[in-house]
Amino acid sequence: MTVCALIIGLAVSASGLALWQFSKNLPPLDLGPASLRSTVVLDRSGGLLRPFATADGRWRLPLSAGNVDPRMLAMLTAYEDRRFDSHYGVDPRAVARAAWQWLRHGRIVSGGSTLSMQVARLVEPRPERSLAQKLRQGLRAIELERRLGKRGVLELYLALAPYGGPVEGLRAASFAYFGREPARLSSAEAALLVSLPQSPEARRPDRFPAAAKRARDRVLDIAAASGVLTREEARAAKAEPVPHGKKPFPMIAAHAAEEAVAADPQAGSIRLTLDGRLQASLETLATERAAAAGPGLSAAILVIDNASGAVLTHVGSPGYLDASRRGAIDMTRALRSPGSALKPFIYALAFESGIAHPETLLEDRPVRYAASYAPENFDLTYQGTVSARRALQLSLNVPAVELLEAVGPARLIARLRSAGAGIALPRDAAPGLPVALGGLGITLTDAARLFSGLARGGSVPDLLRRADLPPPVPTLRADIAESVAAWYVADALRGAPPPENALPNRIAYKTGTSYGYRDAWAIGFDRRITVAVWVGRADGAAVPGLVGRVTAAPILFDAFSRYGGEPEPIARPRDALIAGNLALPPPLRHLRKDGLAASGGATPLRIAYPPDGARIDLGLAGTPAEAAHLALKALGGVPPLTWLVDSRPVAESARRQADWAPEGAGFARISVMDAAGASDSVVVRLE
């Protein structure tokens with residue numbers, strides 16, 4: 001062995017010993033800060049709705065290498081680290097080349113950093129530039145590759161690379177400069193983002209577009225020389241302009257996203273049940289229609305999937321940042337007067353109680369109640385004698401108040417609350433007849449849930465908002481209506497006159513206009529979805545001419561068309577009674593008021609047997625249906641009596657008792673009506 005070889009060997013050994021000692025003194029690599037990402041809120045399919053900056057104000061969005069165009073990744077490695085796939089974190093050839101150029105020219109001509117070493121610098125940022133720092137980066141690069149592998153190192157680079165200002169990571173840069181995901185970038189756009197991290201502030205296209213274009217074109221030349229692009233593709237890409245400004249980050253479903261993050265602040269990613277395509281479309285619709293309706297007006301739209309209760313669209317305002325319309329206020333959660341929008345639930349209660357049928361005749365004539373309450377129709381005209389179906393379709397006020405007097409305002413409010421709706425009454429007053437026309441407060445969210453209950457046969461859904469969590473345990477609530485009554489209402493509302501330029505008999509819907517023209521409502525449903533629309537001022541000021549059928553209903557029908565597909569009617573229950581007025585039992589043909597007075601003071605009608613809430617064992621299991629009978633008994637009233645089960649007549653008798661053969665086990669509402677129009681009902685469970 002020559003002396004020269006011995007000296008070289010000793011030098012290498014000493015260097016290795018020094019390197020080992022240097023690495024031994026390094027603290028453990030902490031990837032915690034590097035793992036911090038912006039919280040992102042996604043739609044049901046994983047599309048980005050709204051990102052939130054990190055606590056220190058950075059935009060750093062999570063990204064997988066699998067969601068980046070492979071040609072862009074090839075462009076990146078060709079530009080930054082051609083032997084990325086073959087080295088172990090440090091490229092000896094690149095280091096040797098850089099060292100030779102430094103010795104030859106007396107200055108740094110090219111760097112020897114690999115992508116892995118750049119990631120090490122981003123993970124452990126240090127201001128000094130020294131040989132020791134380069135050595136530290138090399139050791140960290142080797143450690144990173146051992147711990148994370150090539151893909152992990154690449155994804156860390158894609159997440160941490162600087163792009164100017166608070167923008168870090170490829171995905172954030174792609175949205176900041178081009179407004180879309182990295183997988184959808186053109187070759188020119190991809191090349192620009194590849195070039196920026198080497199000198200992010202000096203090449204920012206929003207400040208130095210000429211420098212950005214030169215850097216981009218150099219990446220395109222290297223990509224063409226490496227075979228990533230053809231010469232023609234590179235030439236065409238160079239002809240594209242560079243962006244001269246930044247774009248805002250997505251802010252779709254801003255209210256829903258903010259609410260979700262506030263409820264789960266530790267989650268890095270939250271996936272909602274929202275349909276991103278429909279959400280964006282209906283946000284545009286709300287913005288356009290609110291602008292057309294007038295200055296200062298807001299609008300809100302909620303779409304519910306009836307089968308699951310999933311919220312598909314949550315538009316809280318026409319624009320979250322629009323201060324002129326108080327866009328930061330989520331109007332789906334604001335208490336407002338519904339006007340006539342809740343009339344269907346008066347009719348449902350009347351149908352369920354056996355007081356009326358859709359073909360029962362009602363009187364639409366001037367009337368005055370106690371306390372000088374005299375309701376008038378919206379157009380100040382009267383229709384005379386009309387069916388309950390027609391009165392509901394035309395939203396006549398006088399028949400609705402007449403029905404509410406029959407079923408009782410307190411009973412209606414109790415039913416709405418038991419179904420889960422938060423109902424506010426003026427100054428906590430006792431419910432009165434004005435609640436029929438909007439004398440109460442309710443949110444658009446609760447109103448939508450109630451109407452969804454009609455579409456579901458009376459069962460009000462618990463709303464599902466998170467797609468990444470197990471569905472919540474269902475809340476035990478009373479139904480808003482029994483199935484037959486719910487269908488009667490849905491069938492009637494399907495025939496309501498549509499707004500101008502809309503087709504009839506497609507969806508069941510109801511409008512409402514609050515007192516003083518402060519709120520315009522339209523809520524509609526088919527078997528698939530329920531759509532609720534509100535228009536008005538967030539501050540509650542009056543807006544002359546703001547009418548539900550004119551302002552909100554067209555938005556409702558447009559929203560249904562944007563959802564797509566043909567509306568599907570609600571299936572008719574087997575027990576629904578389809579009959580004209582003359583075919584109804586006499587007490588159901590006309591709503592009779594003051595039946596007790598007409599009977600000359602007879603004892604009030606009530607069901608004596610079965611008692612309300614009873615569980616009756618008829619031995620239905622294994623017994624032929626015709627063999628099981630239930631005796632029905634009443635007290636008081638004016639014969640003849642008509643007995644109904646689930647709104648369907650089953651017996652008529654001149655005596656105060658009858659016999660009924662149930663068709664099966666389950667819950668049943670048994671009602672009785674006398675000749676004067678008085679009624680009573682109970683709910684029993686047959687076993």
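The coordinates are above.
Reading the values: rules and limits
- Residues numbered from 1 in each chain as written.
- Predicted model: local features only at pLDDT ≥ 70, side-chain atom pairs only at ≥ 80, totals over all residues.
- Heavy atoms only, no water.
- Helix = DSSP H or I, 4+ residues; strand = E, 2+ residues; numbered from the N terminus.
- Buried < 20%, exposed > 50% of the residue type's maximum accessible area, 1.4 Å probe, protein only.
- Polar contact = N/O pair within 3.5 Å; in protein donor to acceptor, adjacent residues only side chain to side chain.
- Contact = heavy atoms within 4.5 Å.
- Phe/Tyr/Trp six-rings, centres within 6.5 Å; stacked < 30°, edge-to-face > 60°.
- Lys NZ or Arg CZ within 6 Å of the ring centre and 35° of its normal.
- 1 Å grid on protein atoms, 1.4 Å probe; cavity = no way out; pocket = protein on both sides within 12 Å on 5 of 7 lines; lining within 4 Å.
- Points joined across faces, edges and corners; volume = space filled by probe spheres on them.
- Nonpolar A, V, L, I, M, F, W, Y, C, P; charged D, E, K, R; others polar.
- Pairing = 2+ DSSP bridges.
- Axes fitted to C-alpha atoms, helices over the stretch in contact; angles between N-to-C directions.

*Asks:* I'm lost on the side chain of Arg 50 in this one. Help?
*Replies:* Take Arg 50: it is sitting in strand 2 (residues 48–52). When its relative accessible area of 9% is taken as the criterion, Arg 50 is described as buried. There is a polar contact of 3.2 Å between the side chain of Arg 50 and the backbone oxygen of Ala 254. Not counting chain neighbours up to four residues away, the residues in contact with Arg 50 comprise Thr 39, Val 40, Val 41, Pro 250, Met 251, Ile 252, Ala 254, Ala 257, Glu 258 and Tyr 320.

*Asks:* Please clarify how the side chain of Thr 443 should be interpreted in this entry.
*Replies:* Looking at the element boundaries, Thr 443 is found in the loop between helix 15 (409–418) and helix 16 (444–455). The exposure class assigned to Thr 443 is buried, which follows from its relative accessible area of 11%. Excluding anything up to four places from it in sequence, Thr 443 contacts Thr 332, Arg 333, Ala 334, Leu 335 and Trp 521.

*Asks:* Please explain the packing of aromatic side chains as it appears in this structure.
*Replies:* Given two aromatic rings, their pairing is described by the distance between the two centres and the angle made by the two planes. Across all of its chains, the model carries nine aromatic pairs by this definition. Ring centres 6.3 Å apart and planes at 55° place the aromatic pair Phe 451 and Phe 525 in the tilted group. Placement of Phe 451 in helix 16 and of Phe 525 in strand 11 (residues 519–525) is noted, with a sequence separation of 74 residues between them. Judged by its relative accessible area of 0%, Phe 451 is buried. For Phe 525, a relative accessible area of 1% puts it in the buried group. For the pair Trp 487 and Tyr 488, a centre-to-centre distance of 6.1 Å together with 55° between the ring planes defines the contact as tilted. The same class applies to Trp 487 as to Tyr 488, namely buried. One aromatic cluster is present, built from ring pairs that chain together Tyr 347, Phe 351, Trp 487 and Tyr 488. Geometry around Tyr 320 places Arg 50 over its ring, the cationic atom sitting 5.2 Å from the centre. Positioned above the aromatic ring of Phe 84 is the side chain of Lys 150, whose terminal nitrogen or guanidinium carbon lies 4.5 Å from the ring centre.

*Asks:* So what exactly am I meant to see when it comes to empty space enclosed by the protein here?
*Replies:* Empty space left among the atoms is revealed by rolling a probe the size of a water molecule over them. Under the definition given, this model contains three cavities of 30 Å³ or more. The computed volume of the largest cavity comes to approximately 50 Å³. If you trace the largest cavity, you find it lined by Met 72, Leu 73, Leu 76, Tyr 157, Leu 158, Tyr 163, Leu 170, Leu 193, Val 194 and Pro 197. For the lining of the largest cavity, the secondary structure elements donating two or more residues are helix 2 (70–80), helix 5 (131–160) and helix 7 (187–195). Considering every element that reaches the lining of the largest cavity, the biggest residue donor is helix 2, with three residues. Residue lining of the second largest cavity: Phe 178, Ala 188, Glu 189, Leu 192, Arg 216, Glu 240, Pro 241, Val 242 and Pro 243, and that is the complete set. Its residues assigned to classes, the lining of the second largest cavity comprises six nonpolar, no polar and three charged.

*Asks:* Is there a simple way to explain unusual backbone geometry in this structure?
*Replies:* Following Tyr 609, the chain continues to Pro 610 via a peptide bond in cis, the omega torsion being 5°. Tracing the backbone shows Pro 610 in the loop between strand 13 (606–609) and strand 14 (615–616). With an omega of 5°, the peptide bond running from Pro 639 to Pro 640 counts as cis. As for its position among the elements, Pro 640 is in the loop between strand 15 (630–635) and strand 16 (641–645).

*Asks:* I keep staring at the sheet that holds strand 13 and nothing clicks. Help me out?
*Replies:* A sheet is described by the order of its strands in space; here three strands give the open sequence 13-15-18, paired in antiparallel fashion. The two strands at the open ends of the sheet, each matched to only one other strand, are strand 13 and strand 18 (657–660). Shown here is a sheet whose adjacent strand axes are inclined to one another by a mean of 35°, direction ignored. The pairing of strand 15 with strand 18 spans four bridges and is classified as antiparallel. Opposite Leu 632, over in strand 18, you have Ala 658 as the bridge partner.

*Asks:* I tried to follow the sheet that holds strand 16 on my own but got confused; where do I start?
*Replies:* As a general point, the strands of a sheet are linked pairwise by backbone hydrogen bonds and lie either parallel or antiparallel. What the five strands build is an open sheet, ordered 14-20-19-16-17; its pairing is mixed. The strands lining the two open edges of the sheet, one partner per strand, are strand 14 and strand 17 (648–653). As paired elements, strand 14 and strand 20 (residues 679–686) share two bridges and run parallel to each other. For Ile 616, the partnering residue across the bridge sits in strand 20 and is Leu 686.

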